[in-house]
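Fold and geometry: a report
Here's the letter readout for the chains.
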Amino acid sequence: MSSGPRYILVPELQSCRYYYLTMQAIEAAAMIRNATYVVAFTGAGISTSSGINDYRGTSGVDTKASLKQEDDQDTEEVQYEKLLPTKGHTALASLHKAGLLHYVITQNCDDLHFKSGVPFSAISELHGNVFVEYCEDCKKEYHRKFCVDLYSTDCYMEPWYEKCSTCGHNHYTGRRCGVKTCKGKLRDTIVNFGDLLHESVLGGLPAAERACDQADVCLCLGTSLTITPASDLTLRAKERVICNLQKTEQDKTAVVRVFAETDSFLTLLQEALLLPSSATATTAAPESAALVTRPTTTEKKRKINSMATAEDASASSSMATRRAKVGKLTATEL
């Protein structure tokens, strides 16, 4: 295990920058080839090219807040249904398909890892998924084509509203479990500040811990590694490759430390591993497709009645094999 990170200074010349980034990708590729188990830990930075802002980048949500900057888009919401996986997402999916990446742990709620081709059984979505709701009794998960949190978080006037004692928001969506012997109330999967991480839903924290404990290499991508307890997981792996534009609290523990966009680095990593390029990766245009105003309560009710019934039937088959490779977990969901 390396005693510290090997930094490569990137000159201003673009050609030199590309050269050194390529060298870092080759070094990371060698680590992956020599590893028996590899995990990826992703943050908001891997999704920015799809049209989602990160938190601590130059245009990040937290950066703007600290500088007291306002944006015309601040009053608009991301239309997650129209977002497409980035080149970074598809590169990771390519690594997983080739057997070089075994598990993905993400702090993102955008569902883009699954859309890129990584199966649910190989993902822990620690902070939730805007498209997934689950039964609070039997823990059955429902993967929707619409954002379920539109019917939970801000539905203060709805009959199913119930203020959460830990985060202060509502988690109930107004729907019931489709299992005849259950019929429990459905909740969104979003983990707000104050909420505990899921134990079994969306892969769960224990599965992520097991993956990191056996990992020879952890690829930390597009994250500042500051949000605990999620960020503590990466320190369980034997070695780390960190790719983030800003400094992180774990930089000194990295074997390879890359200051670049995740799309650029992962594309070169894919090439260094001699894998097919992500030629099919496309992104939604942030200006036209990725942003939309939040629908009114009337529109929510109309949509909830028209879409939920049809999706319940297909949800069972699409989620049946989700836990096959992760292991059966029975801990109580909070």
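Scroll up for the structure.
The following refers to the structure shown. (Residues numbered from 1 in each chain as written. Predicted model: local features only at pLDDT ≥ 70, side-chain atom pairs only at ≥ 80, totals over all residues. Heavy atoms only, no water.)

1. Overview of the overall build of the protein
Applied cut-off: Counting from the N terminus, the helices are DSSP H or I runs at least four residues long and the strands are E runs at least two residues long. Here, residues are in contact when the closest pair of their heavy atoms is within 4.5 Å. The accessible surface values rely on the Shrake-Rupley method and a 1.4 Å probe; as for residues, cover is taken only from the protein chains in view.
For the protein, the count of helices and strands is seven helices and 12 strands. Nonlocal contacts in the protein, meaning residues at least 24 apart in sequence, comprise 66% of its contacts between residues at least 6 apart. Per element, the accessible surface of the protein, about 16,100 Å² overall, is 53% carbon and sulfur.

2. What about the sheet that holds strand E3 (residues 103-106)?
For clarity, the threshold we go by: At least two DSSP bridges between two strands are needed for those strands to be called paired. Here an axis means a line fitted to C-alpha atoms, over the contact stretch when the element is a helix, while the angle between two N-to-C directions is reported on a 0 to 180 degree scale.
Spatial ordering of the open sheet is given by E4-E3-E1-E9-E10-E11, a layout of six strands whose pairing is parallel. In this open sheet, the two edge strands, each paired with only one partner strand, are strand E4 (123-125) and strand E11 (256-258). Averaged over all pairs of adjacent strands, the angle between strand axes in this sheet comes to 15 degrees, irrespective of strand direction. Pairing of strand E1 (residues 38-42) with strand E9 (residues 217-221) involves five bridges; the strand directions are parallel.

3. Description of helix H3 (residues 87-97)
Applicable threshold: Residue burial is assigned from relative accessible area. The probe radius is 1.4 Å, only protein chains are included, and a residue is buried under 20% of its type maximum, exposed over 50%, and partly exposed in between. The term polar contact refers here to a pair of N or O atoms within 3.5 Å; inside protein, the definition further demands a hydrogen-donor-capable atom paired with an acceptor-capable atom, and it admits residues adjacent in sequence only when both atoms are side-chain atoms.
H3 sits mainly inside the fold: nine of its 11 residues count as buried. Two or three places before Gly 88, at the start of H3, stands the capping residue Thr 86, its side-chain oxygen 3.2 Å from that residue's backbone nitrogen. Once H3 finishes, Gly 99 follows within two positions and takes phi at roughly 80 degrees, a positive value.

4. Comments concerning the side chain of Thr 173
Relative to the assigned elements, Thr 173 resides in strand E7 (residues 172-176). The exposure class assigned to Thr 173 is buried, which follows from its relative accessible area of 0%.

5. A look at the pattern of salt bridges
For the record, the criterion: Any carboxyl oxygen of Asp or Glu that lies within 4 Å of a side-chain nitrogen of Lys or Arg is treated as forming a salt bridge with it.
The full count for this structure, using the stated rule, is seven salt bridges. Two residues, Arg 236 and Glu 209, come together in a salt bridge whose shortest N-O distance is 3.7 Å. Note that Arg 236 is positioned in the loop between E9 and strand E10 (239-243) and Glu 209 in helix H5 (residues 204-213), a separation of 27 residues in sequence. Take Arg 236: its relative accessible area is 38%, and that puts it in the partly exposed class. Judged by its relative accessible area of 25%, Glu 209 falls in the partly exposed class. A salt bridge links Asp 216 to Lys 238; the shortest N-O distance between them is 3.6 Å. You can see Asp 216 sitting in the loop between H5 and E9 and its partner Lys 238 sitting in the loop between E9 and E10, a full 22 residues away along the chain. The exposure class assigned to Lys 238 is partly exposed, which follows from its relative accessible area of 44%. Sharing partners across several salt bridges, the network here consists of Glu 133, Arg 144 and Arg 175.

6. Concerning the sheet that holds strand E5 (residues 132-135)
Pairing is antiparallel in the open sheet, where four strands are placed in the order E6-E5-E8-E7. Only two strands of the sheet have a single neighbouring strand rather than two, namely strand E6 (141-143) and E7. Each strand of the sheet is rotated relative to its neighbour by a mean of 30 degrees, with strand direction disregarded. Bridging between E5 and E6 involves three bridges; their strand directions are antiparallel. By the bridge assignment, Tyr 134 is partnered in E6 with Glu 141.

7. Looking at the state of the cysteines
To be explicit about the condition: A pair of sulfur atoms, both from cysteines and within 2.5 Å, is called a disulfide here.
Counted by the stated rule, this structure contains zero disulfides. With no disulfide of its own, Cys 138 has Cys 177 as its nearest cysteine by sulfur position, at a separation of 3.7 Å. Distance from the sulfur of Cys 182, which forms no disulfide, to the nearest cysteine sulfur (Cys 135) is 3.4 Å. Look at Cys 182 and you get partly exposed, because its relative accessible area is 24%.

8. Some words on the packing of aromatic side chains
Worth spelling out the cut-off: When two rings of Phe, Tyr or Trp (its six-membered ring) have centres within 6.5 Å they constitute a pair, described as stacked for plane angles under 30 degrees, edge-to-face for angles over 60, and tilted for the intermediate range. Put simply, a charge is over a ring when the Lys NZ or the Arg CZ is close to the ring centre, within 6 Å, and near the line of the ring normal, within 35 degrees.
Taken as a whole and assessed by the stated rule, the structure comprises two aromatic pairs. Measuring from centroid to centroid gives 5.2 Å for Tyr 19 and Tyr 20, while their planes differ by 75 degrees, and the two rings are edge-to-face. The class of Tyr 20 is partly exposed, set by a relative accessible area of 29%. Judged by centre distance (3.9 Å) and plane angle (5 degrees), the rings of Phe 114 and Phe 120 are stacked. Here Phe 120 falls in the buried class, since its relative accessible area comes to 4%. Seen from the ring of Tyr 172, Lys 185 lies directly overhead, with NZ or CZ sitting 4.1 Å from the centre. A cation sits over an aromatic face here: Arg 187 above Tyr 172, 5.2 Å from the ring centre.

9. Let's talk about the environment of Thr 90
Looking at the element boundaries, Thr 90 is found in helix H3. Given the relative accessible area of 15%, Thr 90 is considered buried. Spatially, the C-alpha atoms of Thr 90 and Lys 115 are 8.9 Å apart, while their sequence positions differ by 25 residues.

10. Focus: H5
The element H5 is largely enclosed, with a buried count of seven among its 10 residues. Within the span of H5, buried status applies to Gly 204, Leu 205, Pro 206, Ala 207, Ala 208, Ala 211 and Cys 212. Those residues of H5 hidden inside the fold are in contact with E1, E3 and E4.

11. Examining the side chain of Gln 24
Examined against the element boundaries, Gln 24 turns out to sit in helix H1 (residues 14-34). A polar contact is formed between the side chain of Gln 24 and the backbone oxygen of Arg 257, at a distance of 2.8 Å.

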